[in-house]
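Listed below are the residues making up each chain.
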Amino acid sequence: MNVLSHISAFFSDSAHWQGYDGIPSRVGEHVEYTLMALGIAAAVALPIGLLTGHTGRGGNTLALIATSARALPSFGLMVLMFILLGLGMAPVMIPLVVLAVPPILVTTNEAMRSVDPAPVDAARGMGMAETGILFRVELPVALPLILSGLRSAAIQIVSTATIAAYVSFGGLGRYIIDGLYQRDYEKVVGGATLVALMALVTLAVFWLLGRLATSPGVRRRT
């Protein structure tokens, strides 16, 4: 049986579309893990990236931290957290957040630093407060690049959230882990296909978000 046959058999089986182990349920769990990890990572990384990018300080430190964090193996970190914290959502969320923070942090910092200094100096010369300069002058211009960092983080979380199944949680990784254990390769291929499809949907969502959130003037310049 080739890969396409496995995919066809998986999606055509009505048993995979109902119950707690059905596709809608597993997709919902995977989306929940993704949104939770992305929300926490954004809450941590965006303010730091905006502040350091606005002030122009701490860029080298951020790059060092990001490089170090990217070197951490997500699965190994999850196992370590599971040993230290026991069963729960925290051992799953910590490696996903650690994975997502660097692209958001570094991209946000670079986006703010890449803003043309001329309008920033003009706004400062007119007496605009620093918070006003940050949110009304710099952020609208930097937004497309900031969204690209969020998009990169979201794709990485979608792909890596399958590790939740290793510590008895759900999500699309459940199909891959259970399929390997049961030697049900139809289920393994089906789960991997769903993860790939979810990554494509995530790309489409961020493309649409970028079109809606970015002003036409900025879009024409980028």
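Everything below is about the structure printed above this text.
Residues numbered from 1 in each chain as written. Predicted model: local features only at pLDDT ≥ 70, side-chain atom pairs only at ≥ 80, totals over all residues. Heavy atoms only, no water.

A. Seen up close, the overall build of the chain. Each helix and strand counted, the chain has ten helices and zero strands in total. For the chain, the α and β elements follow one another from N to C terminus as α-α-α-α-α-α-α-α-α-α. With 222 residues in all, the chain has 44% of them scored as buried. By sequence separation, contacts in the chain at least 24 residues apart represent 74% of the contacts at least 6 residues apart. (Helix = DSSP H or I, 4+ residues; strand = E, 2+ residues; numbered from the N terminus. Buried < 20%, exposed > 50% of the residue type's maximum accessible area, 1.4 Å probe, protein only. Contact = heavy atoms within 4.5 Å.)

B. The arrangement of the nonpolar core in detail. Formed by 38 residues in total, the largest nonpolar core has its most connected members in Leu38, Val92, Leu96, Ile104 and Leu150. The set of elements that each furnish at least two residues to this core consists of α2 (23–55), α5 (90–113), α6 (117–125) and α7 (130–160). Contacts of Leu150, omitting those with residues within four sequence positions, involve Leu38, Ala42, Ile104 and Phe206. Ranked by size, the runner-up nonpolar core spans nine residues in total, among them Ile23, Leu172, Leu194 and Val195. (Core = buried A, V, L, I, M, F, W, Y, C linked by side-chain atoms within 4.5 Å.)

C. Quick peek at α5. The end-to-end C-alpha separation of α5 is 34 Å, in line with the 34 Å expected for 24 residues at 1.5 Å each. Within α5, the axis deviates most sharply at Val101, by approximately 25°, and proline Pro102 lies no more than four positions further along. Extensive coverage of α5 is indicated by the burial of 18 of its 24 residues. (Expected span 1.5 Å × (residues − 1). Bend = angle between axes of the 7 residues up to and from the residue.)

D. Spotlight on the packing of aromatic side chains. Tallied over the entire structure, the rule returns four aromatic pairs. For the pair Phe10 and Tyr175, a centre-to-centre distance of 5.3 Å together with 80° between the ring planes defines the contact as edge-to-face. Of this pair, Phe10 sits in helix α1 (residues 3–12) while Tyr175 sits in helix α8 (residues 173–182), placing them 165 residues apart in sequence. Take Phe10: its relative accessible area is 0%, and that puts it in the buried class. Exposure remark for Tyr175: the relative accessible area of 0% places this residue in the buried category. Taken together, Phe10, Phe11, Trp17 and Tyr175 form an aromatic cluster joined through their ring pairs. (Phe/Tyr/Trp six-rings, centres within 6.5 Å; stacked < 30°, edge-to-face > 60°.)

E. Geometry of the pattern of salt bridges. Taken as a whole and assessed by the stated rule, the structure comprises five salt bridges. For Asp121, the salt bridge is made with Arg124, and the minimal N-O distance between the two is 4.0 Å. Taken together, the residues span about one helical turn, with Asp121 and Arg124 both in helix α6 at a distance of three residues. Classification of Asp121 as partly exposed rests on a relative accessible area of 48%. Between Asp178 and Arg174 there is a salt bridge; the shortest N-O distance is 3.1 Å. With Asp178 and Arg174 both in helix α8 and four residues apart, this pair spans about one turn of that helix. By relative accessible area, which is 19% here, Asp178 ends up buried. Salt bridges here are not isolated pairs; linked through shared partners, they connect Asp21, Arg26 and Glu29. (Salt bridge = Lys/Arg side-chain N within 4 Å of Asp/Glu carboxyl O.)

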